[in-house]
Amino acid sequence: MLIDELKHWFGFDSFKPGQEEIIQSVLKQKNTLGILPTGSGKSLCYQLPTYIKKQPTLIISPLISLMDDQVMQLKTHGEHNVSCIHSGMDDDERANNIKNLKKSRFIFLSPEFILQPHNFRLIKNINFGLVVLDEAHCLSEWGYDFRPHYALIGKIIQQFSYATILGLTATAPPHLLADLNQMLRTNFNVIKTSMNRNNISLNHKNFSDDEEKIKWLLTTLEQSGPTIIYVSSKKICSMLAQAIYQQGFLTGIYHGDLSYQERQTVQHQFLNNEIPIIVATSAFGMGINKKDIRTIIHFHLSTSPSNYLQEIGRAGRDGNQSQAISLFQPDDSFLLETLLFTDMITNEDVNAFELGLDVIPFKKEIIEILSSYYTYNELRHIFENTYQRKRNGYIRMLGYKNLDQCRRAYLMEFFGENLSDKPEICCDNDTNIELIKIFNRKKVKRKFDYKEKLKNLFK
Ligand SMILES: [Zn+2]
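Novice: I tried to follow the coordination of the zinc ion on my own but got confused; where do I start?
Specialist: Six octahedrally arranged donors around a metal ideally form angles of 90 or 180 degrees; four tetrahedrally arranged donors ideally form angles of 109.5 degrees. Donor atoms from the polypeptide that coordinate the zinc ion comprise C406 (SG), C426 (SG), C427 (SG) and D430 (OD), at 2.2 to 2.4 Å from the metal. What the four donor atoms of the zinc ion show is an angle range of 101 to 123 degrees at the metal, which sorts the shape as tetrahedral.

Pasting the structure below:
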């Protein structure tokens, strides 16, 4: 019985919703796409089958912090046959992990790493039973955008034809299944639980400009508990963190320009409640893993319902009441549209590339990589689709700011989900929601003792 295996390996008495179905499907060697909300035990879905099958598992993961998090989780659990190779490691650590690859039960790698032929050679003879695509939505969301290697994962997976593929994600936009089936040339068995998280209330506020927004924000942060503020630009990330700091709160920033070590430090301070507030760009918020986050504030709207659910899903992983608040002012739409559409690859770019004409270097690089796997016609079709989807998601989010119906129902409808059980504290359109009241500590100005005062006087 599967439940006995669960008890034996993990000591749990029952599965969380979706886990058992996913594991059963994987054990029947069906390629499986598991859609489970954040914090509902996704990693168990590949860990338990790994122990049962007694074959190594390859986990392809998009972010260093996600890998580190799972490696740590496994090691805490007493599992030492784990390897992980990423760009945040020093040479010794890397060499050590490479040496251990062959005897590892769990191997964590990034798509960019595996697609290098000399790296691929390190794993090509390993008899994987399972290949896991962690955060599988990134394949279609990033693969055609800024991480083209993601769209080529199929190339690698074909090499392990005996392995079962397990895609795991907390967010499944309507097109995800078709995308994954096409990218991996397979037909996934889908196991889906609701993406709704009833312990997160949904709120939205409109303002006339940024000044008003910041004023509201600084007051709200007084008692918002552990909070992530998502912004859509690095510049605003720093500006906002500064304003928050000047207000007396300890805060940290978290975005792509910081080094791996810097991000680790901020994450660590946040985790240990040394700082109550983090300002993050949405691309990097995914790596933040803290169970008792009470508030997620979107200083700018998310660009799609999938991103929004993914980001607010960071809150309340301990099951306690939490809140999501999105903010908007009219100038934001310009910012969001620039972010979404400016750097998109168009059919003109593909045509130009095909004819050997000039294409902007970063676009050229992406088309070059993708054209090793896709025909030009396929690429034109892919980019047209990508554009259309981005637009659909964006329009849905614009509708969110002027909504007068239930926010939860509106978001779920986008994923084809009907809300069956609405929580009592649902959204600001349903009820008058009182915001959470958990005080955030402020900096204490330290008093100098007389010796220090003297020392300062004579410096
Ligand atoms: Zn509602």
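Novice: Looking at this structure, I do not really get the environment of S110. What am I missing?
Specialist: Relative to the elements of secondary structure, S110 occurs in the loop between β4 (106-109) and α6 (111-114). Take S110: its relative accessible area is 15%, and that puts it in the buried class. Not counting the four nearest positions on each side in its chain, S110 is found in contact with I60, S61 and M67.

Novice: Which parts of the structure should I look at to understand a negative patch on the surface?
Specialist: Together, D90, D91, D92 and E93 make up a negatively charged patch on the protein surface. Mapped onto the elements of the fold, D91 is located in helix α5 (residues 91-100). Overall, D91 belongs to the exposed group, its relative accessible area being 65%.

Novice: What am I meant to see in the layout of surface pockets here?
Specialist: A water-sized probe, rolled over the atoms, reveals where empty space remains. Empty space within the second largest pocket amounts to approximately 1000 Å³. Elements supplying a minimum of two residues to the lining of the second largest pocket: α3 (44-53), α4 (64-76) and α13 (260-271). Examining the composition of the lining of the second largest pocket, we find that eight residues originate from one element, α4, more than from any other. Looking at the lining of the second largest pocket residue by residue, the classes come out as ten nonpolar, 16 polar and ten charged.

Novice: Sorry, what's going on with the sheet that holds strand β9 (residues 227-231) here?
Specialist: A sheet is described by the order of its strands in space; here six strands give the open sequence β8-β13-β12-β9-β11-β10, paired in parallel fashion. Sheet topology places β8 (200-206) and β10 (251-254) at the edges, where each strand pairs with a single neighbour. The average undirected angle you get between the axes of adjacent strands in this sheet is 20 degrees. Here β10 runs beside strand β11 (residues 277-281); their pairing, made up of four bridges, is parallel.

Novice: Sorry, what's going on with the sheet that holds strand β6 (residues 164-169) here?
Specialist: Strand pairing in a sheet relies on backbone hydrogen bonds. The paired strands run either parallel or antiparallel. Spatially, seven strands are ordered β3-β4-β2-β5-β6-β1-β7 in an open sheet, and the strand pairing comes out parallel. Bordering the open sheet on either side are β3 (82-84) and β7 (189-192), each of which pairs with just one other strand. Going from strand to strand, the sheet's axes swing by 15 degrees on average, the running direction of each strand aside. Bridge count for strand β1 (residues 32-35) against β7 is four bridges, and the pairing is parallel. Bridging across to β7, I35 finds its partner in K192. Most of the contacts of helix α10 (residues 176-184) go to β1, to which it runs at about 150 degrees, and overall it touches β1, β5 (130-134), β6 and β7.

Novice: Would you take a moment to explain the nonpolar core for this structure?
Specialist: In a soluble, globular protein the nonpolar side chains are often hidden away together inside. Of all hydrophobic cores here, the largest spans 80 residues; its most connected members are L58, I114, I123, L133, F160, L370 and Y374. Ignoring anything within four residues of it in the chain, the contact list for L133 reads I60, L139, I153, I157, I165, L166, G167, L168 and L184. Counting residues in each nonpolar core, the second largest holds 27 residues, with V26, Y46, V82 and M89 among its members.

Novice: It is not clear to me how the packing of aromatic side chains should be interpreted in this structure. Could you clarify?
Specialist: In this description, an aromatic ring pair is defined by two values, namely the gap between the centres and the angle between the planes. Considering all chains together, one arrives at 15 aromatic pairs under this definition. Ring geometry for Y51 and F106: centres 5.7 Å apart, planes at 75 degrees, overall edge-to-face. With Y51 in helix α3 and F106 in strand β4, the pair connects residues that are 55 residues apart, well separated along the chain. Comparing Y51 with F106, the two get one shared label, buried.

Novice: When you look at empty space enclosed by the protein in this model, what are you seeing that I'm missing?
Specialist: A full pass over the atoms with the stated rule returns one cavity of 30 Å³ or more. What the largest cavity holds in volume is close to 130 Å³. In terms of lining, the largest cavity is formed by 15 residues, of which the most central are M195, N196, R197, L309 and I312. Contributing elements (two or more residues each) for the lining of the largest cavity: β8, α14 (305-312) and α19 (407-414).

Novice: Any chance you could explain the side chain of N97 here in plain terms?
Specialist: Its place among the elements puts N97 in helix α5. You can call N97 buried: its relative accessible area is 12%. At a separation of 2.9 Å, a polar atom in the side chain of N97 contacts the main-chain carbonyl oxygen of E93. Setting aside its immediate chain neighbours within four residues, N97 contacts V82, S83, C84, I85 and M89.

Novice: Would you mind showing me how to read helix α1 (residues 2-10) here?
Specialist: Count 3.6 residues to each turn of an α-helix, and residues three or four apart come out pointing the same way. Of the positions making up α1, those classed as buried are L2, L6 and F10. Each buried residue of α1 lies within a common arc of 50 degrees when the element is viewed along its axis, so the set occupies one face. Among the structural elements, α2 (19-27) and α3 are those in contact with the buried residues of α1. Two residues or fewer after α1 comes G11, characterised by a positive phi angle close to 75 degrees.

Novice: I'm lost on the pairing of β5 in this one. Help?
Specialist: Consecutive side chains along a regular strand alternate between the two faces of the sheet. Buried residues dominate β5, accounting for five of its five residues. Alternating residues of β5 divide into L130, V132 and D134 and V131 and L133, and every residue in both groups is buried. Where strand β2 (residues 57-60) meets β5, four bridges bridge the pair, whose relative direction is parallel. By the bridge assignment for β5, I60 is matched with L133.

Novice: How should I be thinking about the pattern of salt bridges in this particular structure?
Specialist: Any two side chains of opposite charge can pair if their charged atoms end up close together. Applying the stated criterion across every chain, the model contains 17 salt bridges. Taking the shortest distance from any N to any O, the salt bridge between R147 and E112 comes out at 2.8 Å. Placement of the pair is R147 in the loop between α8 (137-142) and α9 (153-157) and E112 in helix α6, with a sequence separation of 35 residues. Owing to a relative accessible area of 13%, R147 belongs among the buried residues under this scheme. On the basis of relative accessible area, E112 is assigned to the partly exposed category, the value being 23%. Within the structure, one salt-bridge network assembled from shared partners comprises D210, K213 and D332.

Criteria and thresholds
- Residues numbered from 1 in each chain as written.
- Predicted model: local features only at pLDDT ≥ 70, side-chain atom pairs only at ≥ 80, totals over all residues.
- Heavy atoms only, no water.
- Donors = N, O, S within 2.8 Å, 3.2 Å for Na, K, Ca; no water.
- Tetrahedral: all angles 85-135°; square planar, octahedral: opposite > 155°, others 65-115°.
- Helix = DSSP H or I, 4+ residues; strand = E, 2+ residues; numbered from the N terminus.
- Buried < 20%, exposed > 50% of the residue type's maximum accessible area, 1.4 Å probe, protein only.
- Contact = heavy atoms within 4.5 Å.
- Patch = residues over 30% accessible without salt bridge, like charges linked within 9 Å, V, L, I, M, F, W, Y side chains within 5 Å.
- Areas by Shrake-Rupley, 256 points an atom, 1.4 Å probe, with all protein chains shown as cover.
- Salt bridge = Lys/Arg side-chain N within 4 Å of Asp/Glu carboxyl O.
- Lys, Arg positive; Asp, Glu negative; His and termini not counted.
- Charge placed at Lys NZ, Arg CZ, Asp CG, Glu CD.
- 1 Å grid on protein atoms, 1.4 Å probe; cavity = no way out; pocket = protein on both sides within 12 Å on 5 of 7 lines; lining within 4 Å.
- Points joined across faces, edges and corners; volume = space filled by probe spheres on them.
- Nonpolar A, V, L, I, M, F, W, Y, C, P; charged D, E, K, R; others polar.
- Pairing = 2+ DSSP bridges.
- Axes fitted to C-alpha atoms, helices over the stretch in contact; angles between N-to-C directions.
- Core = buried A, V, L, I, M, F, W, Y, C linked by side-chain atoms within 4.5 Å.
- Phe/Tyr/Trp six-rings, centres within 6.5 Å; stacked < 30°, edge-to-face > 60°.
- Polar contact = N/O pair within 3.5 Å; in protein donor to acceptor, adjacent residues only side chain to side chain.
- Arc of directions from axis to C-beta.

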